Amino acid sequence: MATPAANPTSSDPPLDGLGRPLGVLRLSLTARCNLACPYCLPDEQEPPGLLSLEQRHAVVQAAVALGAHSLRLTGGEPLLHSQLERLIEAVQPLRTRGLRDIALTSNGTLLSAKRARALRAAGLDRITLSLDGADGTSVARMAGLSDATAGERTLAAVQAAIGHARDAGFDPAAGALKLNAVIQRGRNDDQLLPLAELCRGQGLELRLIEYMDVGSRNGWSPADVVSASEMTERIGSRWPLEAFERDLHSTSRRWRYRDGTGGIAVVASVSEPFCGDCNRLRVTADGVAYTCLFAAPSSGLDLQPWLQPSADPTGLEQALTQLWHSRRDRYSEERQASPGGHHHAEMAYLGG
Ligand code: SAM
Ligand code: SF4
């Protein structure tokens, strides 16, 4: 595990070693998942020492004190976590201290109408669902399911989840409901147009994610990556597109359809790295803080010592401040200069 650097400084929100502020906390609630997408391959067991609700609240509070305005709850599959709604409720008072946005990333298969309403009532602002195909065979291949029938069931569940989320008040037109799709060459790149069509028909923004070399189990190769420019060219040749500039600190660049039917976004972490303004801190389900999605497993900072009942209440904030000060990660940019050879923590553990 990493140890924080020795010189904490002022009361201003900290900047990291490359001058980047903290803006987003991605908090993983579980490392487990009810799917086993081969590009992600989650652990079957939770790591020991999962954080309690109170400890998670303390982590969010400390991150907000350091400048985080956005909280994304993720996993593994966060809907497997029974206290998800309670956590969302518990962090609502932090809105008076700077927390502006609470979002969830989920595969959607467990999102019933009741759960969607409960999440909304608890104070969740936005949901991003993940779906990598628009037919049973493709969904099965991308989600690690046995056959097309299982894929069709999953597809139907996610489509129902889209309806439940919309009915519960997550309005796609306001950016409160989006769809993520990872695109892998030779596995689901034939789904680009069908996925775009599915989203266009429902007014959803489709967020196309370049297949990334997170973790070390998925056998990633640069040849499997479909670049953002290829994805937008292929969709744009069917439905002409117009680009927006990437917003500062955003992971994606947005495009709008020229015919006015909404738009797409592309996460070009491999082909067009955005390390220069990355403002994300990740904390795993067992309380390890990582300052980069592509971090080595051993580079995390275990926050448990500052989360014990006997710990100094200011210690957690100080530890995170020091960690942020010492942050110099720019892995995606470095990958472009010298590809290969890195050992990464797994995606479902880090929370994506
Ligand atoms: N289980 C939830 C889900 O699938 O939305 C949340 C966790 S998942 C790790 C978060 C996001 O990471 C998903 O949209 C998933 O498709 C994406 N993801 C996982 N592995 C990836 C990889 N190797 N490259 C790109 N995106 C990946
Ligand atoms: Fe599960 Fe999400 Fe990983 Fe797929 S991408 S295995 S749904 S955590």
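For the structure itself, look to the data block above.
Residues numbered from 1 in each chain as written. Chains lettered and ligands numbered in written order. Predicted model: local features only at pLDDT ≥ 70, side-chain atom pairs only at ≥ 80, totals over all residues. Heavy atoms only, no water.

A. Seen up close, the packing of aromatic side chains. Summed over all chains, the structure comprises three aromatic pairs. Note on W239 and Y257: the rings are 6.3 Å apart at their centroids and 80° apart in plane angle, and the pair reads as edge-to-face. Of this pair, W239 sits in the loop between α7 (228-236) and β7 (241-243) while Y257 sits in strand β8 (residues 253-257); the two residues are 18 residues apart in sequence, bridging distant segments of the chain. No difference in accessibility class separates W239 from Y257, as the two residues are buried. Taken together, a centroid distance of 6.4 Å and an interplanar angle of 80° make the contact between Y290 and Y349 edge-to-face. Taken together, the positions of Y290 in strand β11 (residues 288-290) and Y349 in helix α10 (residues 347-350) put the pair 59 residues apart, joining distant regions of the chain. Assessed through its relative accessible area of 3%, Y290 is described here as buried. Y349 sits in the buried class, given a relative accessible area of 16%. Lying across the ring of F170, R120 places its NZ or CZ 4.6 Å from the centre. Lying across the ring of F244, R254 places its NZ or CZ 5.9 Å from the centre. (Phe/Tyr/Trp six-rings, centres within 6.5 Å; stacked < 30°, edge-to-face > 60°. Helix = DSSP H or I, 4+ residues; strand = E, 2+ residues; numbered from the N terminus. Buried < 20%, exposed > 50% of the residue type's maximum accessible area, 1.4 Å probe, protein only. Lys NZ or Arg CZ within 6 Å of the ring centre and 35° of its normal.)

B. Main features of the site of ligand 1. The local shell around ligand 1 holds 18 residues, among which G76, S130, N180, V182 and M212 are the closest. At 3.0 Å, a backbone N or O of G76 approaches a nitrogen atom of ligand 1. N180 is positioned with one of its side-chain polar atoms (N or O) 3.0 Å from an oxygen atom of ligand 1. Here ligand 1 loses 95% of its free accessible area of 550 Å² to cover by the protein chains. When the residues that make up the shell around ligand 1 are grouped by side-chain class, the tally is seven nonpolar, nine polar and two charged. (Near = heavy atom within 4 Å. Polar contact = N/O pair within 3.5 Å; in protein donor to acceptor, adjacent residues only side chain to side chain. Areas by Shrake-Rupley, 256 points an atom, 1.4 Å probe, with all protein chains shown as cover. Nonpolar A, V, L, I, M, F, W, Y, C, P; charged D, E, K, R; others polar.)

C. Quick peek at the side chain of T154. Secondary-structure assignment places T154 in helix α5 (residues 148-167). Those residues in contact with T154 that lie beyond four places of it in its chain are T109, V139 and L145. (Contact = heavy atoms within 4.5 Å.)

D. Geometry of the nonpolar core. By size, the foremost hydrophobic cluster in this structure holds 74 residues, and its most contacted members are L27, L73, L179 and L208. Of all the elements, helix α1 (residues 53-65) adds the most residues to this core, at six residues. Discounting residues that sit within four places of it in the chain, L179 has contacts with T128, L129, L131, I162, L195, L198, C199, L204, E205, L206 and R207. Ranked by size, the runner-up nonpolar core spans 27 residues in total, among them M142, A143, V267 and L350. (Core = buried A, V, L, I, M, F, W, Y, C linked by side-chain atoms within 4.5 Å.)

E. The arrangement of the pattern of salt bridges in detail. Within this structure, the stated rule accounts for 19 salt bridges. Residue R234 pairs with D189 through a salt bridge whose shortest N-O separation is 3.3 Å. Taken as a pair, R234 in helix α7 and D189 in the loop between β5 (177-183) and α6 (192-202) lie far apart in primary sequence, 45 residues in all. The class of R234 is partly exposed, set by a relative accessible area of 29%. In this structure D189 comes out as buried when scored by relative accessible area, which is 14%. Between R330 and E333 there is a salt bridge whose closest N-O contact spans 3.0 Å. Looking at E333, the relative accessible area reads 26%, which means it is partly exposed. Within the structure, one salt-bridge network assembled from shared partners comprises D16, R20, R327 and D329. (Salt bridge = Lys/Arg side-chain N within 4 Å of Asp/Glu carboxyl O.)

Coordinates in, geometry out; function isn't part of it.
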